[in-house]
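Architecture and fold: a report
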Amino acid sequence: MAHDFSNLNNKYTYAERGVNKTWTNFILEKINLKMKRVADIGCGGGIYTKKIAQHGPLSVTGIDSSSRMLEAARSRNNDDKIKYLLGDAENLTSLKDGEFDIVLERALIHHLQSLKNNFIEVKRILNSESGVFIIQDRTPEDCLLEGTPTHIRGYFFEKFPFLAQEEVNRRFSNTTVKRSLADAGFKKISSYKLWEIRSIYNDAQSLKEDLSSRRGRSILHWLNEEQLNELINFIQIKLPQDSEKIIEKDRWTVWIANS
């Protein structure tokens, strides 16, 4: 079944992981955050919101539709630059026209019913002269890369092909995202591939515990407990037995567009 972001048991599932420098370095190479008003839409537990706040913005506003996720984000926030708001990414009524210089949407658009509605709203709340929109998500191509000792996600679909179909069904192609951005009035639209280090595990047991928790992995909520255990055993067989550390990477597409 699909992941329920409002469930109390899932409150901290997107608030406990750190942000690797592979992500931070990429963003800082592309975007100047200093003295900018930034919105992180679909912020979940706020881990990327907090990372942005460490690099000199004037303010950072995290917006999410799950009050549970926002409770977790607020409980881990000690930075007065950050505020969190409950909001619908397709109808951002609480946000003013031109209120932000930068909008980030990481791992959000595959949850949306309409790219059009979201992109029009983002265009509205961005500075009309110099606003920057950053989207990070997986395309079907990103999802279906084969599994390797670093791209562990690929093993999910090798073991359970039905997960691959679920994954592809909820993802947008590079062409669709670019066309939707252009239709919403965005300009200078570029796309990039990013291999982001998700986690570094000291051993196979640490990876097993992470997978068992399903922490930050909405696709694993389609599996029952028996299937999840089968997947974990399958992955452990696939991994080199002499690895001192396991470095897990995910492949993403990042779109950057100007208002």
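Residues numbered from 1 in each chain as written. Predicted model: local features only at pLDDT ≥ 70, side-chain atom pairs only at ≥ 80, totals over all residues. Heavy atoms only, no water.

1. Let's talk about the packing of helix α9 (residues 204–213) against helix α10 (residues 225–238)
At a minimum axis distance of 10 Å, the contact between α9 and α10 shows a crossing angle of 155 degrees. Of the possible angle classes, the one that applies to α9 and α10 is roughly antiparallel. Relative to α10, α9 is oriented so that their crossing is right-handed. The segment α9 lies against α10, with Ala-204, Leu-207, Lys-208, Leu-211 and Ser-212 engaging Leu-228, Ile-232, Ile-235 and Gln-236. Classifying every residue of the contact of α9 with α10 by side-chain character gives six nonpolar, two polar and one charged. (Axes fitted to C-alpha atoms, helices over the stretch in contact; angles between N-to-C directions. Helix = DSSP H or I, 4+ residues; strand = E, 2+ residues; numbered from the N terminus. Parallel < 35°, antiparallel > 145°, perpendicular 65-115°, else oblique. Left-handed = near helix turned anticlockwise from the far one by under 90°. Contact = heavy atoms within 4.5 Å. Nonpolar A, V, L, I, M, F, W, Y, C, P; charged D, E, K, R; others polar.)

2. A short note on the confidence of the model for the chain
Residues of the chain with pLDDT of at least 70 account for 93%, and the chain-wide mean is 92. This model gives residues 1–15 a pLDDT under 50, and the stretch forms 45 contacts once residues within four places in sequence are excluded. (pLDDT = per-residue confidence, 0-100.)

3. Observations regarding unusual backbone geometry
Phi is mostly negative for residues that are not glycine, and the peptide bonds are mostly trans. Its identity is not glycine, yet Met-35 carries a phi of approximately 60 degrees, on the positive side. As for its position among the elements, Met-35 is in the loop between α1 (21–30) and β1 (37–41). Look at Met-35 and you get exposed, because its relative accessible area is 58%. Unlike most non-glycine residues, Ala-107 shows phi in positive territory, near 55 degrees. For Ala-107, the position within the fold is in the loop between β4 (102–106) and α4 (115–125). Classification of Ala-107 by relative accessible area gives partly exposed; the value is 22%. (Buried < 20%, exposed > 50% of the residue type's maximum accessible area, 1.4 Å probe, protein only.)

4. Topic: the pairing of strand β3 (residues 82–86)
Pairing of strand β2 (residues 59–64) with β3 involves five bridges; the strand directions are parallel. Paired with Thr-61 across the two strands is Lys-83, which belongs to β3. Handedness of the crossover joining β2 and β3 through helix α3 (residues 67–75) is recorded here as right-handed. (Pairing = 2+ DSSP bridges. Right-handed = clockwise from strand over helix to strand, strands pointing away.)

5. Some remarks on the environment of Ala-257
Residue placement: Ala-257 occurs in strand β7 (residues 246–258). Note on Ala-257: relative accessible area 1%, which makes it buried. Note: C-alpha distance between Ala-257 and Ser-190 (67 residues apart in sequence) is 6.4 Å. Discounting residues that sit within four places of it in the chain, Ala-257 has contacts with Gly-131, Val-132, Phe-133, Leu-181, Phe-186, Lys-187, Lys-188 and Ile-189.

6. Let's talk about the sheet that holds β3
Pairing is mixed in the open sheet, where seven strands are placed in the order β3-β2-β1-β4-β5-β7-β6. A strand with exactly one partner marks an edge of an open sheet, and here the two such strands are β3 and β6 (187–201). The mean inter-strand angle of the sheet, taken between neighbouring strand axes irrespective of direction, is 20 degrees. Bridge count for β6 against β7 is twelve bridges, and the pairing is antiparallel. By the bridge assignment, Ser-199 is partnered in β7 with Glu-248. Its contacts with the sheet put α1 on β4, β5 (132–137), β6 and β7, and the angle it makes with β6 is roughly 160 degrees. Along the sheet, helix α8 (residues 174–183) contacts β5, β6 and β7; its crossing angle with β6, the most-contacted strand, is approximately 130 degrees.

7. Description of the packing of aromatic side chains
Scanning the model with the defined rule gives seven aromatic pairs in all. Between Phe-156 and Phe-157, the ring centres sit 6.3 Å apart and the planes meet at 70 degrees, which makes this aromatic pair edge-to-face. Owing to a relative accessible area of 0%, Phe-156 belongs among the buried residues under this scheme. Ring centres of Phe-160 and Phe-162 lie 6.0 Å apart, and the angle between their planes is 65 degrees; this geometry places the pair in the edge-to-face category. For Phe-160, a relative accessible area of 9% gives the class buried. Under the relative-accessibility criterion, Phe-162 is labelled partly exposed at 35%. Chaining the aromatic ring pairs together yields one cluster made of Phe-119, Phe-133 and Phe-186. Over the ring of Trp-252 we find Arg-106, and its NZ or CZ is 4.5 Å from the ring centre. The residue whose ring lies beneath Arg-138 is Trp-252, and the NZ or CZ to ring-centre distance is 3.9 Å. (Phe/Tyr/Trp six-rings, centres within 6.5 Å; stacked < 30°, edge-to-face > 60°. Lys NZ or Arg CZ within 6 Å of the ring centre and 35° of its normal.)

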